[in-house]
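# Structural features, examined
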Amino acid sequence: MSTRAPAVPARPAWVMARLRRLVPTGRGLAIAAPYAWLVLFFLVPFVVVLKISLSQMVIAQPPYTSLFVWEDGLLPAVRPYFGNYGWLFQDPLYWIAYLSSVKIALLSTLGCLLIGYPMAYAIARARPTARALLLLLVVLPFWTSFLLRVYAWIGILKNKGLLNAALLATGIIDQPLNILHSNAAVYIGIVYSYLPFMILPLYATLEKLNPELLEAATDLGARPWKAFVTVTLPLSLPGILAGSLLVFIPAVGEFVIPALLGGPETLMIGHVLWDEFFSNRDWPVAATVAIVLIVVLVAPIVLFQRQQLRASEAMT
Amino acid sequence: MRRRRSPWLVTWLAFGFAFLYGPIVLLIVYSFNESDLVTVWTGFSTKWYARLLEDEQILSAAYTSLRVAVTTACIAVVLGTLAGMALARYGRFKGRTLFTALITGPLVMPDIVIGLSMLLLFVSAGHAIGIPEGRGMDTIVIAHTTFCLSYVAVVVQSRLSSMDRSVEEAAQDLGAPPGKVFFTVTLPIIAPALIAGWLLSFTLSLDDLVIASFVSGPGASTLPIVVFSKLRLGVSPMINALATIIVAIVTVAVVITGIVMTRQERRRDAEVQRALRGGG
């Protein structure tokens, strides 16, 4: 170093900049706090589930074997056990449960769309003053207990329930229908519980729709039905997609509705997972069922994430 | 725009609402039924409400649920607001894609998967580092906060995106430091979203059965856990009475919040208009 250098060198700008970067800023903290929480309590748990799905059930505390075995080396040896996955692929019960969950969720999503689309459309075209009230009416059931709303259907659907009583009284049927504890009840329960999730995104896209486009189509001679199919329907596709995914993904893993309304013929994977865990107490198999469920849902979840990302980027 | 309200659409809407509200109305009506049978009307009675208030198990579970829900809602609002700010304001920061994925994940992930994964995390962590020592209200609060904060983030983000940024910029130009701008300008404007997010988290937490069943421990049974175990034994009009009380509380809370927020909104809009005209 040259002796002519000043005794107290002025700190160059880049040092200050680096120092400043080390001190947490409000902005950095604002991102870090929720980020850390979600990584720790949402991302890491899936790694733990994956780890336990590769272990064996033992009667101990905790009730599964360790994936890592410390032998003489410094690093532990990894001893994955793939038996649970083999078990899942061999036993047709699991296959059927996954397939029937997807089928029930798909048909229920379709049901929500058929009932929800005209409702969302009607709300979007209502007077602005009425719109707020109608939207509140859509959201309000969502605020009341989901469990109790599903419970309400037991009283309606059972053999001596209100639906059968009404149908018998009017003479439409002369034998009570066995709806409760069947797949039909599960469909009704899912469509009923998830309908608001379908209506809200549909409304959001339909409300933004430029009415002039429809007018243009009508002015050009399109019949109302044709104008709807060629203009409104394609423009509302993002809403249809968002609503369908919001219904489909959780419905595949639904537990409460098949548990309360379903019967012996109802086989849904959420219920299978619950029984593996709470009745059989086989944590590794329950973890395996969960991992395969995530694999089944990965495509729709990624689709949903992409759509949300696009929507969030459009907003900012 | 020429509005043609088709009678078909209006009828459909009416049927849709009948479908949404019919079961709730029946639930309420039959809570006042004298009979033990949920579906045979024998006469008006409030005895199920009296029974409900004598049921120690339900009362203590309700108290547990309320404590969990209030704690969850408070933590979720703080973290969710920060997350919503990050999404709406901080542009493309490092790891934004993962962050968005982590926010939207809990919104759709089946709760049975969240419940199981949370429990396995708590058990492994308890085994490896001794934290948490056991399962109880704390673990339920952590699990509930995780999915509630996503809902808050989404609500806050959409509110921030729709707000006029020039108000914040004006405060900055007048020399207010970022912290002061946030607390005196941004926070009051996004307050409705915070209230909505708090209420949403509160009800989601109060309502959750599946996740709480996994992560709760002995002595920390929440209301849905107790109700579900009662439902498995059979239906009882007492549950109808409980449902009626919950519906009443929620309706009153939502309607009051709605009215108060709309009024404040109007007042603020009027003030902004006046300020713009005066300062013009």
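Residues numbered from 1 in each chain as written. Chains lettered and ligands numbered in written order. Predicted model: local features only at pLDDT ≥ 70, side-chain atom pairs only at ≥ 80, totals over all residues.

## Examining the overall build of chain B
Test applied: Labels follow the DSSP assignment, with helices taken as runs of H or I lasting at least four residues and strands as runs of E lasting at least two, numbered in each case from the N terminus. Exposed residues have 12 or fewer other C-beta atoms within 10 Å of their own C-beta, buried residues have 20 or more, and partly exposed residues fall in between, where C-beta atoms are placed from the backbone. A pair of residues counts as a contact when their C-beta atoms, built from backbone coordinates, are within 7 Å of each other.
Counting its regular elements, chain B contains 11 helices and zero strands. Seen through its principal axes, chain B has C-alpha atoms that stretch 70 × 65 × 35 Å. Each of the 280 residues in chain B was classed as buried or not, and the buried ones make up 42%. For chain B, long-range pairs separated by at least 24 residues make up 77% of all intrachain contacts whose partners lie at least 6 apart in sequence.

## Here's the deal with the overall build of chain A
Across its full length, chain A carries 14 helices and two strands. When burial is assessed residue by residue, chain A has 41% of its 316 residues classed as buried. A sequence separation of at least 24 residues applies to 70% of the contacts in chain A between residues at least 6 apart.

## Side note on the environment of A:Trp274
Relative to the assigned elements, A:Trp274 resides in helix α13 (residues 269-278). In sequence terms A:Trp274 and A:Ala216 are 58 residues apart; their C-alpha atoms lie 54 Å from each other. In contact with A:Trp274, not counting residues within four places along its chain, are A:Phe255 and B:Ile112.

## Here's the deal with the packing of helix α3 (residues 56-89) of chain B against helix α10 (residues 223-233) of chain B
Residue and element names in this part refer to chain B. Selection criterion: For helices, the fitted line uses only the C-alpha atoms of the stretch in contact; every axis is such a line through C-alpha atoms, and the angle between N-to-C directions lies from 0 to 180 degrees. Residue polarity follows a fixed list, in which Ala, Val, Leu, Ile, Met, Phe, Trp, Tyr, Cys and Pro are nonpolar, Asp, Glu, Lys and Arg are charged, and the others, Gly among them, are polar.
Interaxial distance between α3 and α10 falls to 7 Å at its minimum, and their mutual angle equals 145 degrees. The residues of α10 that touch α3, namely those facing Gln-57, Ile-58, Ala-61, Ala-62 and Ser-65, are Leu-223, Ile-225 and Val-226. A per-class count over the contact of α3 with α10 returns six nonpolar, two polar and no charged.

## Side note on helix α5 (residues 111-129) of chain B
The cut-off we apply is this: One less than the residue count of a helix, multiplied by 1.5 Å, gives the span that helix is expected to have.
An ideal rise of 1.5 Å per residue puts 27 Å on 19 residues; α5(B) measures up with 26 Å between its terminal C-alpha atoms. Downstream of α5(B) by a residue or two, B:Gly130 has a phi angle that is positive, lying close to 80 degrees.

## Describing the domain arrangement of chain A
All names here are of chain A. Applicable threshold: Domain start and stop points were drawn from an automatic or database domain assignment.
If you check the domain split of chain A, you get domain 1 (24-78) and domain 2 (91-315). The straight-line distance from the C-alpha centre of domain 1 to that of domain 2 is 34 Å. Contacts between domain 1 and domain 2 engage nine residues on the former and eight residues on the latter. In terms of residue class, the side of domain 1 that touches domain 2 is built from six nonpolar, three polar and no charged.

## Some words on the interface of chain B and chain A
Counting residues at the interface gives 70 residues for chain B and 76 residues for chain A. Looking at the side of chain B that touches chain A, the elements that each hand over two or more residues are α1 (7-30), α3, α4 (96-108), α5, α6 (137-162), α8 (178-207), α10 and α11 (237-279) of chain B. Among the elements that take part in the side of chain B that touches chain A, α1(B) stands out by supplying 13 residues, more than any other. Considered class by class, the residues forming the side of chain B that touches chain A number 52 nonpolar, 16 polar and two charged.

## Overview of the nonpolar core
Most often, soluble globular proteins keep nonpolar side chains buried together rather than apart. Threshold: Nonpolar cores are built from buried Ala, Val, Leu, Ile, Met, Phe, Trp, Tyr and Cys residues. These are joined into a set through C-beta atoms within 7 Å.
With 163 residues, the main nonpolar core has A:Ala120, A:Leu273, A:Ala290 and B:Leu116 as its most contacted residues. By residue number, the principal contributor to this core is helix α8 (residues 183-208) of chain A, which donates 15 residues. Of the domains in this structure, domain 1 (24-78) and domain 2 (91-315) of chain A are the two that each give at least three residues to this core. What A:Leu273 contacts, discounting residues up to four positions off in sequence, is A:Ala286, A:Val289, A:Ala290, B:Ile112 and B:Leu116.

## Regarding the packing of α8(A) against helix α11 (residues 237-252) of chain A
Residues and elements named next belong to chain A. The criterion, for reference: Note on terminology: angles under 35 degrees are roughly parallel, angles over 145 are roughly antiparallel, angles of 65 to 115 are roughly perpendicular, and the others are oblique. Here a crossing is taken to be left-handed if its near helix is turned anticlockwise relative to the far helix by less than a right angle, and right-handed if that turn runs clockwise.
α11 packs onto α8 with a crossing angle of 155 degrees between their chain directions and a minimal axis gap of 7 Å. Accordingly, the angle class assigned to the pair α8 and α11 is roughly antiparallel. The chirality of how α8 crosses α11 is right-handed. For the pair formed by α8 and α11, the contact residues are Ile-190, Tyr-194, Phe-197, Met-198, Pro-201, Leu-202, Ala-204, Thr-205 and Leu-206 on the first element and Pro-238, Gly-239, Ile-240, Ala-242, Gly-243, Leu-246, Val-247 and Ala-251 on the second. Of the residues contributing to the contact of α8 with α11, the split by class is 14 nonpolar, three polar and no charged.

## Considering the confidence of the model for chain B
All names here are of chain B. Filter applied, for reference: Predictor confidence is given residue by residue as pLDDT, running from a minimum of 0 to a maximum of 100.
For chain B, the average pLDDT comes to 87, and 97% of its residues sit at 70 or higher. Confidence scores differ between elements of chain B, with α11 showing the lowest mean pLDDT of 82 and helix α9 (residues 210-215) the highest of 95. For this predicted complex, the interface confidence score (ipTM) comes to 0.87, while the overall pTM stands at 0.87.

## Examining unusual backbone geometry
Residue and element names in this part refer to chain A. Positive phi outside glycine occurs at His-181, with the angle close to 60 degrees. The topology assignment puts His-181 in the loop between α7 (162-169) and α8. In this structure His-181 comes out as partly exposed when scored by C-beta crowding, with 19 C-beta atoms within 10 Å.

## A few points about the environment of A:Asn210
The topology assignment puts A:Asn210 in the loop between α8 and α9 (211-219). When the C-alpha positions of A:Asn210 and A:Thr232 are compared, they lie 9.4 Å apart, and in sequence the two are 22 residues distant.

## Quick notes on α1(B)
Taking 1.5 Å per residue as the helical rise, α1(B) with its 24 residues ought to reach 34 Å, and the 33 Å between its terminal C-alpha atoms agrees with that figure. Among the residues making up α1(B), those that are buried are B:Gly16, B:Leu20, B:Pro23, B:Leu27 and B:Tyr30.

## Comments concerning the environment of B:Ile131
Residue and element names in this part refer to chain B. As for its placement among the helices and strands, Ile-131 is situated in the loop between α5 and α6. Using a count of 8 C-beta atoms within 10 Å as the deciding quantity, one classes Ile-131 as exposed. Beyond its immediate sequence surroundings of up to four residues, Ile-131 is in contact with Ala-125 and Gly-126.

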